[in-house]
Amino acid sequence: MSDERTTEETPIDASQVRYDQARYVENGQYEPLLSEKDLTRVAIGDADAGEDGAAKRVDSPLPDDLTRDSLELPELSEPELARHYTRLSQMIYGIDSGPYPLGSCTMKYNPKFTEDVAALPSAAVHPDRSGQSIQGTLELLYRLQDYLGRIGGMDAVTLQPPAGAAGEFVGIRVAAAYHEHNGEGHRDEVIIPESAHGTNFATAALGGYDVVSLPSDDDGRVDLEALEAALSENTAALMLTNPNTLGLFERDIEEIAEMVHDVGGLLYYDGANLNALLGRARPGDMGFDVMHYNVHKTFATPHGGGGPGAGPVGVVEDLDPFLPAPRVREAEDTGEGDEVTYELFDPDHTIGHVHGYQGNWLVLIKAFAYIARLGDAGLADASAKAVLNANYLASQLEYDVPYEPFHHEFVASAGDQDAADVAKRMLDYGVHPPTTKWPEIVPEALMTEPTEIESKETLDRLAAAFNAVAEEGDGTLEDAPERTTARRIDQTSAARNPRLSWQALADDE
Amino acid sequence: MHGSHETGSPYAPHTDDGRDAMLEAVGVETAADLFDIPAAVAFDDEFGIDARTERETRRLVRSILERNDDLTELLGRGHYGYYIPSLVDHLADRSEFLTSYTQYQPEVSQGFLQALFEYQSLLVELTGLDIANCSMYDAATALGEAATLADRVRDTSGHRVLVPDLLREGRRSTLENYVAGTDLAVDTYPTVDGNADLEALEERVDEDTVMVYAENPTVRGTIEENLSAIGESATDAEALFVLGSDPVALSVLQRPADVGADVVIGDASVLGLPTSYGMGLGLFACREDYLRQVPGRLVGASEDATDRRAFTLTLQTREQHIRRERATSNICTNQAWVALRTAMHAATLGSTGMVELANRGVRRADELAQRLEAVDGVTAPVHDRHHLREFVARLNQPAQEVADALEERGFAVHVVGEHELQLCAAGVTDEQLDEFATAFSEVVR
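These figures come from a predicted structure and were not determined experimentally. (Residues numbered from 1 in each chain as written. Chains lettered and ligands numbered in written order. Predicted model: local features only at pLDDT ≥ 70, side-chain atom pairs only at ≥ 80, totals over all residues. Heavy atoms only, no water.)

K.L.:
Can you tell me about the pairing of strand E4 (residues 185–189) of chain B, naming the residues and giving the values?
P.N.:
Residues and elements named next belong to chain B. In terms of strand pairing, strand E3 (residues 160–164) meets E4 through five bridges, oriented parallel. Bridged to Arg160 within E4 is Ala185. A crossover connection joins E3 to the parallel E4 through helix H7 (residues 169–179); in handedness this β-α-β unit is right-handed. (Pairing = 2+ DSSP bridges. Helix = DSSP H or I, 4+ residues; strand = E, 2+ residues; numbered from the N terminus. Right-handed = clockwise from strand over helix to strand, strands pointing away.)

This is the structure we're talking about:
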């Protein structure tokens with residue numbers, strides 16, 4: 001992008017931005033399915049070749065009554081597969097493709113070198129290896145626990161939960177075990193603000209709790225009177241994110257913590273918005289007892305099309321004995337030589353496992369590398385620029401932003417337009433749209449989080465896309481998107497007539 | 001702390017001029033002025049984490065991980081270290097796959113949606129069941145989700161889920177956490193010679209049972225011989241029959257649909273991932289009857305405005321972001337990229353390759369067992385069953401002693417009893433297997 005297009009005097013003209021996503025069409029379809037390129041049925045064992053349409057037969061060392069008759073999958077050459085998957089990749093928009101201000105998801109750039117360190121051959125260890133033979137793995141886990149504890153202001157950290165929602169589940173299970181241990185097993189309610197992430201509600205329900213929904217006050221924060229009314233001796237925990245999903249800092253957090261603790265409840269921190277606080281404030285200092293970290297958000301591990309992530313959980317000292325087993329610690333007996341050794345151990349009152357082994361190890365390596373690369377200065381700079389970027393972007397928009405002062409994300413309202421249509425049209429301008437229609441406090445919500453990775457020039461281009469769409473009529477919006485691989489997709493028929501496999505498609509024809 | 005390119009985040013591309021113009025537009029002097037944090041809870045200290053260059057960070061991680069011993073792993077129990085074709089790494093690492101998020105805007109996500117649709121289709125073929133979701137975290141969490149599914153779909157009230165007494169600790173413990181918020185309790189049935197004790201199982205199954213879980217192959221590598229009977233006893237009690245397996249095993253073993261399985265769970269990452277310290281990919285497939293109760297994401301086919309086939313996430317009214325506390329599961333971020341890798345690995349193998357990989361697991365386990373049995377004082381395999389990939393060997397001397405001695409010679413094996421080792425021949429080369437057999441004969445008295 002040339003300099004003159006980025007100066008204030010010559011703002012970016014959205015009409016000059018032309019985006020066309022790759023699109024392959026063959027026999028009237030976008031890139032055909034593997035099954036449409038080939039399906040080869042192989043007969044197994046004694047089954048006669050040719051029977052059941054089998055093209056080939058493979059002998060089995062097992063008796064027939066323990067084996068299946070045949071298997072039918074595509075058999076394609078490596079070049080054919082390379083082209084198939086390359087084409088598929090070209091029909092995807094990622095953070096490396098352009099701006100991706102998907103609110104609450106913290107779509108920040110994923111450093112490339114972290115892929116290389118996670119791919120080191122020394123990282124590939126079997127989970128049943130002896131502790132003595134994987135001191136490197138244990139040391140890295142130990143160091144990451146330590147980093148996360150410092151960043152969150154927490155006394156102890158488990159790395160086992162494989163995603164943010166899994167971390168929430170650990171938090172809820174740990175809270176339950178803690179109350180049970182203290183003879184307070186009667187606590188059966190979890191309080192959650194209406195604007196909270198849907199996972200909070202689902203997690204509390206999975207943990208067996210009744211959900212008490214908490215309304216917001218007029219300025220978008222926790223309504224203290226409503227909180228007072230909701231709290232009782234049945235309160236197990238209050239789940240809160242701070243800043244909240246409107247990007248607003250819960251200024252009364254000290255009072256909130258006191259109120260929850262006064263009735264014997266625990267305060268749970270949803271780490272989805274932690275990127276706004278790095279080096280500025282810590283959940284532990286605010287009175288939170290337990291929290292999860294979304295490493296794929298805050299610590300830049302790739303979202304991978306929806307995972308894997310990792311959702312480590314930090315707790316204050318009182319909750320430490322209830323964390324999942326096993327955890328990593330420095331071994332008391334360091335053996336010969338000066339090198340510290342590490343060992344796994346089970347906390348005294350552990351809730352047990354929440355994953356078959358130790359969670360998403362390869363993701364944890366990437367998070368460790370990211371934190372080690374940025375250090376104090378880089379982490380604080382990330383939050384400063386994330387907040388600056390959100391505020392700057394909002395200041396450039398023609399859409400109304402009803403709640404402020406916000407931090408890393410804001411929720412604009414599409415007003416008379418349908419937020420979902422706005423999103424589809426934004427795709428035509430080569431940007432990924434914000435999260436739409438949520439939180440419901442804002443009508444036709446456009447929940448926007450640019451993160452720290454965008455320059456002013458990119459934010460200007462993003463604002464131009466927003467503003468171009470704001471001025472477009474309904475007809476254009478309803479016909480959008482035009483420049484993406486697929487045009488507007490019929491969601492209703494997908495749900496009404498579910499076809500979830502190539503076998504189901506074949507049956508349909 | 002304003003941060004410049006030198007001292008701040010290396011991934012924030014702001015120039016000084018750009019930053020100043022933004023501050024001016026917003027109407028503040030520094031970014032710190034934008035933080036609305038009460039002084040009492042503001043953090044004005046340091047974490048004490050030094051910043052490093054990329055080169056220094058790479059060196060740091062490498063030096064830490066180099067403390068891991070380079071052992072040849074004959075460990076199995078769900079993680080096998082199969083050779084992963086280079087194609088998988090190179091194509092899965094394309095940044096569009098790696099750096100996109102959940103496909104909430106399907107029009108710009110067709111490639112990933114199609115890859116996940118193909119992954120679901122792979123599981124449908126392998127299990128014979130109607131539907132598969134596009135991933136859970138791992139086998140243990142998938143088992144937990146199967147139990148909560150059973151709790152929802154079973155008409156009559158019931159309180160027990162039955163699992164084999166040999167179930168891995170991590171799976172059992174995870175299952176217990178998943179059912180902790182329900183009225184369900186986990187109970188076991190005995191095994192005999194590695195497989196389900198059918199008679200004892202049939203006695204345990206009653207109207208209070210909501211789910212019967214079996215594995216094929218079992219944790220000891222034996223092939224379960226009574227699957228249909230186990231399924232019948234579950235069905236007679238109106239309990240769900242949940243079967244644990246994996247894509248390689250399913251390529252040759254009895255088709256779950258043919259033995260009455262209602263749900264199949266397992267770890268699909270046996271294809272596509274190295275032994276990643278237990279990182280997994282939860283396989284979840286089930287009968288169509290449970291479509292509206294399935295946990296996790298589903299990719300479906302639809303049409304776009306040009307009437308061409310297009311893919312989209314579907315039936316999202318089951319999911320947490322829509323249904324909140326009434327969702328079928330709290331899962332949101334899953335293992336999508338691992339599912340992509342699994343599908344790619346399976347695609348490189350094709351039907352023949354998948355069957356041959358599984359057959360090879362049978363032959364190599366037999367071959368290694370024979371070689372070890374030739375050593376004085378060794379019984380291998382202990383169980384008089386067919387085996388896939390791994391088996392248990394009995395020794396005259398303490399198993400831990402042998403395992404330690406083998407580790408010193410560069411081999412990792414699993415101790416499963418005072419005098420029992422479990423050995424897996426799946427993820428090693430012929431040469432490594434020869435070296436192991438030699439080392440084994442040297443350390444066994």
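Resuming the write-up.
K.L.:
Describe the nonpolar core, and please don't skip the residues or the numbers.
P.N.:
Membership of the largest hydrophobic core comes to 218 residues, with the highest contact counts inside it found for Tyr85(A), Phe299(A) and Ile365(A). Considering every element that reaches this core, the biggest residue donor is helix H11 (residues 361–395) of chain A, with 20 residues. The residues touching Ile365(A), leaving out its near neighbours within four places in the chain, are Val117(A), Ala118(A), Ala123(A), Leu140(A), Val61(B) and Leu65(B). Phe169(A), Leu206(A), Leu500(A) and Leu240(B) belong to the second largest nonpolar core, which has 39 residues in total. (Core = buried A, V, L, I, M, F, W, Y, C linked by side-chain atoms within 4.5 Å. Buried < 20%, exposed > 50% of the residue type's maximum accessible area, 1.4 Å probe, protein only. Contact = heavy atoms within 4.5 Å.)

K.L.:
Tell me about the side chain of Ser245(B), and name the residues and values.
P.N.:
All names here are of chain B. Within the element layout of this structure, Ser245 appears in strand E8 (residues 240–245). The exposure class of Ser245 is buried, given its relative accessible area of 8%. Ignoring sequence-local partners within four residues, the contact set of Ser245 consists of Asn216, Pro217, Leu250, Ile265, Gly266, Asp267 and Leu283.

K.L.:
I'd like a rundown of the sheet that holds strand E4 (residues 56–58) of chain A, residues and numbers included.
P.N.:
With mixed pairing, three strands are arranged side by side in an open sheet as E4-E3-E5 (chain A). With one partner strand each, in any of the chains shown, E4 and strand E5 (70–73) of chain A form the two edges of the open sheet. Averaged over all pairs of adjacent strands, the angle between strand axes in this sheet comes to 30°, irrespective of strand direction. Here three bridges tie strand E3 (residues 40–44) of chain A to E4(A), and the two strands are oriented parallel to one another. Paired with Val42(A) across the bridge in E4(A) is Lys56(A). Sheet contacts for helix H12 (residues 336–373) of chain B: E3, E4 and E5 of chain A; angle to E5(A), the most-contacted strand, approximately 135°. (Axes fitted to C-alpha atoms, helices over the stretch in contact; angles between N-to-C directions.)

K.L.:
Before we move on, could you go through helix H9 (residues 227–236) of chain B and cite the residues and values that matter?
P.N.:
Residue and element names in this part refer to chain B. Every buried residue of H9 is listed here: Leu227, Ile230, Gly231, Ser233 and Ala234. Take H9 and look down its axis: the buried residues cluster within an arc of 160°, on one side only. Opposite its buried face, H9 presents the exposed residues Glu232 and Asp236, each directed more than 90 degrees away. Close packing links the buried residues of H9 with strand E6 (195–196), helix H8 (198–204), strand E7 (209–215) and E8. Glu238 sits one or two positions beyond H9 and adopts a positive phi of about 60°. (Arc of directions from axis to C-beta.)

K.L.:
Explain the packing of aromatic side chains residue by residue, including any values.
P.N.:
Inspection of every chain in the model, using the stated rule, returns 19 aromatic pairs over all chains. Consider the rings of Phe406(A) and Phe410(A), whose centres lie 5.3 Å apart with planes at 40°: the pair is tilted. Looking at Phe406(A), the relative accessible area reads 4%, which means it is buried. The class of Phe410(A) is buried, set by a relative accessible area of 0%. Note on Phe97(B) and Phe112(B): the rings are 5.6 Å apart at their centroids and 80° apart in plane angle, and the pair reads as edge-to-face. Placement of Phe97(B) in helix H4 (residues 95–99) and of Phe112(B) in helix H5 (residues 110–127) is noted, with a sequence separation of 15 residues between them. Taking relative accessible area as the criterion, Phe97(B) reaches 0% and is therefore assigned buried. Grouped by ring-pair contacts, the aromatic residues Tyr19(A), Tyr93(A) and Tyr100(A) constitute a single cluster. (Phe/Tyr/Trp six-rings, centres within 6.5 Å; stacked < 30°, edge-to-face > 60°.)

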